[in-house]
Amino acid sequence: MARPQPPPWVHAAVLLCLLGLGGAIEIPMDPSIQNELSQPPTITKQSVKDHIVDPRDNILIECEAKGNPAPSFHWTRNSRFFNVAKDPRVSMRRRSGTLVIDFRSGGRPEEYEGEYQCFARNKFGTALSNRIRLQVSKSPLWPKENLDPVVVQEGAPLTLQCNPPPGLPSPVIFWMSSSMEPITQDKRVSQGHNGDLYFSNVMVQDMQTDYSCNARFHFTHTIQQKNPFTLKVLTTRGVSERTPSFMYPQGTASSQMVLRGMDLLLECIASGVPTPDIAWYKKGGDLPSDKAKFENFNKALRITSVSEEDSGEYFCLASNKMGSIRHTISVRVKAAPYWLDEPKNLILAPGEDGRLVCRANGNPKPTVQWMVNGEPLQSAPPNPNREVAGDTIIFRDTQISSRAVYQCNTSNEHGYLLANAFVSVLDVPPRMMSPRNQLIRVILYNRTRLDCPFFGSPIPTLRWFKNGQGSNLDGGNYHVYENGSLEIKMIRKEDQGIYTCVATNILGKAENQVRLEVKDPTRIFRMPEDQVVKRGTTVQLECRVKHDPSLKLTVSWLKDDQPLYIGNRMKKEDDSLTIFGVAERDQGSYTCVASTELDQDLAKAYLTVLADQTTPTNRLAALPKGRPDRPRDLELTDLAERSVRLTWIPGDDNNSPITDYVVQFEEDQFQPGVWHDHSKFPGSVNSAVLQLSPYVNYQFRVIAVNEVGSSHPSLPSERYRTSGAPPESNPSDVKGEGTRKNNMEITWTPMNATSAFGPNLRYIVKWRRRETRETWNNATVWGSRFVVGQTPVYVPYEIRVQAENDFGKGPEPDTVIGYSGEDLPSAPRRFRVRQPNLQTINLEWDHPEHPNGILTGYSLRYLPFNGTKLGKQMVENFSPNQTKFTVQRADPVSRYRFTLSARTQVGSGEAVTEESPAAPNEATPTAAPPTWPPTTVGATGAVSSTDATATAAAAATEATTVPIIPTVAPTTIATTVATTTTTTAAATMESPPTTGTKTHESAPDEQSIWNVTVHPNSKWANITWKHNFGPGTDFVVEYIDSNHTKKTVPVKAQAQPIQLTDLYPGMTYTLRVYSRDNEGISSTIITFMTNTAYTNNQPDIVTQGWFIGLMCAIALLVLILLIVCFIKRSRGGKYPVREKKDVPLGPEDPKEEDGSFDYSDEDNKPLQASQTSLDGTIKQQESDDSLVDYGEGGEGQFNEDGSFIGQYTVKKDKEETEGNESSEATSPVNAIYSLA
């Protein structure tokens, strides 16, 4: 609605009327009225009662006042007149009573301390300021002192006193070390409210630092440090446990006084071993949950803004496992004076009656003293029209001479209140403050307000009439405000006419008229449509508008929401826009804006330009035509607290009947600009009653739907706000989870606008330990999360979250159980390693004593060793319920070192290490069996298969009776039937096997996914699977890590294998594959673990084809040599006998590069004719008759009947043998060693 703006003095007059009706008045700034009306002084600004100033700055004492005529000022100091003119340092600001004391030329600020009071005076009275107590800030130095070391017994209580120098204002106290490191405080060590540092029990680590008290002064911004305390703790064998005792306050009872409106702080600090816990209670009732909060690790209870009902007895309970004690604090609430009825300015007409009321309360009851113009009322001249009745002054038949300023001073021992109220006698007939005969034009169905500012004394009454007749307008569609404005909630055609406002008082009346015209809204009834055209053609965008003929219509166009420049190729008419020779740059959105001086309407269409001989592919070309036009002219009627009737006019259905109407709403508090579906109605109606929620500022729009599609939304309706109410529900999805080991984060889903039911929606969060059943802690939160700090590790809490708004609280909330943060678990208990035979090792353990969270599993690392030789480390991961595991030994000689740790979601905790027992000493068998890689047997009984290549190579060499020592670490393949995984193995997902380990599945008949195989590395993994879907089927690989972070990878058809990147080394993942079109068709879930960072990812040499071929060639060559030797010996050839000596491979002998070793201690044991030295090497006996001296490397062979067929050779000289102790044996085994 467009109308001329009234001048500023009109707003002042409106404010005058509003204040006058409320008991206070301001004289309008209209010069014509200013020259006629007078006003006694009124204090508008003054310094605080206790005014503390910085001695380094100039002193400023404020006092400002207003009145007509302008008041003059003077001051008193310590109740005596303060002559400002006689002191060169003191000056008073112009047109103000503010004092400025300047010390740039010298002087001491302390000389000006005292009590000041300002007087503002004109010919109609005198107003007083408060008594301002001026004090200069002080920050005295700390007295020098030498502090001896404090000697204390371990476990004893200790108090380090601060005793800061008295400052003004009091300094802020904090404790630090001499190196300026803050002292860590907890429930054992904390600072009291008096600044002292309390130790509930002293521990040895308290000696690691010194303790210095620091005082920070506010005005000087300086920090003074006391000489540090040094502790010397005397230790004993054990600290005896003690029952609690109170360090502060002393004894079993004390009392405390607090003033109403201030904060009450109760404190209890106790000693004991272990450190006691503090709990607070109030006798005969509960603690005020909305005002009480706990501080300093529950050692302090703070109640904000206390009132009389907070009086009573409070007690703190200190308890540990040795016992408990209590201290009772009797709280008395006193009160400085506070207003019940503060006196207000009184404006009367001559002959009227009035009264000034000054009512205050306090404890003790305050006394009331009346003054007039700064003098006690008893010493003022008598006034027969004035009567004093305690806290009330009654005026009868007031006259012009009764004008004055009255002061009410109410005081008790805790403070005072001073109020000024003037009595002004005016006789002003009503005046209209706005231009006469205004014209107001408004659009149909809108809301409007007709203003009629006025002034008069006595305050006039105002009434409205329409067309000069009928009764006063108020109620129904009309509402009259206190300032006289008339609001019409929804304009109709019949509301057009002349409205008259009449202001009346005993001195006369005044009236003014406002002419209201109702105009039809501007509507675009033929909107531009989306079009797809070829380049070079001509396009026309229609925009036909219906508007009120008495208003000037302007039609403009926007392109891409920017003003459109109409060039030579464009022609704009009243109802259309034509573009000739369309170019590609013309593509975009076009908006038609139809506007008058009162309202506007707009419509948008999208133009797509195609190149020649191109098939239309525009995103809008496929949209079907014939959608209904949007509804219009929305109207709200039958306004109620919880419902409203919405009526609209349907748009054109475009030859397809409208089937439904969707009503949407928008609110401007929580999600302004966001529209939500409210309800749906049949297409045969155009009016419906909508059910509403409390305290929502609704705005509605309607969308029409037919078989073709939905219309554009209608223009929004006017807004309608429902009244408020307390919430009827509480937030949902309340959770309590720890984000760190010493906290718990409470979260919930916040309530939306339709469930808030009132302003200032907030949440009362309550929590307490579940097992201790302690007093509820509470906090008021405006968001959707709250973090509880300083919590024990992983303990359950009871949590409640209750909604509250300015109208009240919601229903009692449900109690939810949450947990504080997790930490690393302690080591598994009773880790036992048993070896029932030479083939297996059994491991058993118990769960950790302190899980510190939810156990997610166990990690086992085991390493084979034989003396100084180390094998390849293996890693197994178990489920949290598994406490047993069996390891299949690779050979009967090597031992194993096992390291076991438990895991929570935080990580792996403390590990425990055990070794397998030493194997029994056995004789070397005559034929060395092949050494196989160890086979891992899970707790469920499933055997993990070994590397197929290594197994095949071992089986091939067994046929030649030449044992081959494997040079690769054992490898396992985890399957779905085993609860363990190995980091060096590929994880293959299969259906549970019936016997042994199943590596393949048969294809099912129906569509499915199977045989998911994972080949992990440290930071990536390759995934393959089988399926029976048709060509072109897409899949999704979903995997979740140990931190419950889920990721998905879309996979195009026939794109296997798939590589997952950016994985974390040593982390466990779960994985599944499912169809992108149907998530219900999924593989079974598998678990795999990436390699640790140090794992050697290079393939083992023993599994390489070239190495296997080389070994086979060597074996074949050795076999040929053996055959030739047998043939020559069968011909009777003689061979020199050479002395040979079996020397086992030492630790320094070269081995395979992958770290595997030769289990030769069992295979190369000496015969009975040999003896072993202390260093483990085999030495030859003096006898030369041993068969070992003639054998090939000590390796004998037997026929099936047990006869010996060993080869004999002629021994060399003993000296030659000793000179060549490192010479190689000629046996096939040694030949292989030398080549390897």
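Quick caveat, the model's predicted, so the values are computed rather than measured. (Residues numbered from 1 in each chain as written. Predicted model: local features only at pLDDT ≥ 70, side-chain atom pairs only at ≥ 80, totals over all residues. Heavy atoms only, no water.)

Before going further, it helps to examine the nonpolar core. In terms of nonpolar packing, the biggest core is built from 31 residues, with Ile61, Trp75, Leu99 and Tyr116 touching the most fellow members. Contributing elements (two or more residues each) for this core: strand 3 (59-61), strand 4 (63-68), strand 5 (72-77), strand 8 (99-101), strand 9 (114-122) and strand 11 (132-136). Here Leu99 is in contact with Ile59, Leu60, Ile61, Trp75, Phe82, Val84, Val90, Ser91, Met92 and Tyr116, once residues within four sequence places are set aside. (Core = buried A, V, L, I, M, F, W, Y, C linked by side-chain atoms within 4.5 Å. Buried < 20%, exposed > 50% of the residue type's maximum accessible area, 1.4 Å probe, protein only. Helix = DSSP H or I, 4+ residues; strand = E, 2+ residues; numbered from the N terminus. Contact = heavy atoms within 4.5 Å.)

On to a nonpolar patch on the surface, then. A grouping of Leu1116, Leu1119, Ile1120, Ile1123, Val1124 and Ile1127 is seen on the molecular surface, where their side chains present a nonpolar patch of about 520 Å² in accessible area. Here Ile1127 shows up in helix 5 (residues 1105-1130). (Patch = residues over 30% accessible without salt bridge, like charges linked within 9 Å, V, L, I, M, F, W, Y side chains within 5 Å. Areas by Shrake-Rupley, 256 points an atom, 1.4 Å probe, with all protein chains shown as cover. Salt bridge = Lys/Arg side-chain N within 4 Å of Asp/Glu carboxyl O.)

With that out of the way, let us pick up the pairing of strand 73 (residues 840-846). One ladder, built from 4 bridges, connects strand 72 (residues 829-834) with strand 73; its direction is antiparallel. Its bridge partner being in strand 73, Arg832 is matched across the sheet by Glu844. Once strand 72 ends, the chain turns through 5 residues before running back antiparallel as strand 73. (Pairing = 2+ DSSP bridges.)

Here we come to the confidence of the model for the chain. Summary statistics for the chain give a mean pLDDT of 80 and a share of 79% for residues scoring 70 or more. Least confident of the elements in the chain is helix 4 (residues 948-958), whose mean pLDDT is 32; most confident is strand 16 (residues 197-199), at 96. Scored below 50 in pLDDT, residues 614-623 makes 10 contacts in the model with residues more than four places away or belonging to other chains. (pLDDT = per-residue confidence, 0-100.)

Another aspect to go through is the packing of aromatic side chains. One pass over the full model with this rule turns up 25 aromatic pairs. Residues Trp648 and Tyr661 carry aromatic rings whose centres are separated by 5.2 Å and whose planes lie at 65° to one another, so their mutual orientation is edge-to-face. Here Trp648, found in strand 58 (residues 643-649), pairs with Tyr661, found in strand 59 (residues 658-667); they are 13 residues apart in sequence, far enough to count as distant. By the burial criterion, Trp648 is buried, and Tyr661 matches it. When the centroid spacing of 5.8 Å and the interplanar angle of 70° are considered together, the rings of Trp1025 and Phe1035 count as edge-to-face. Here the residue Trp1025 occupies a position in strand 84 (residues 1021-1027), and Phe1035 occupies one in strand 85 (residues 1035-1040), the gap between them amounting to 10 residues. (Phe/Tyr/Trp six-rings, centres within 6.5 Å; stacked < 30°, edge-to-face > 60°.)

Below, the discussion takes up helix 5. Taking 1.5 Å of rise per residue, 26 residues should cover 38 Å, and helix 5 covers 38 Å from first to last C-alpha, within 8% of that figure. Within helix 5, burial applies to Phe1107, Met1111, Ile1114 and Val1118. (Expected span 1.5 Å × (residues − 1).)

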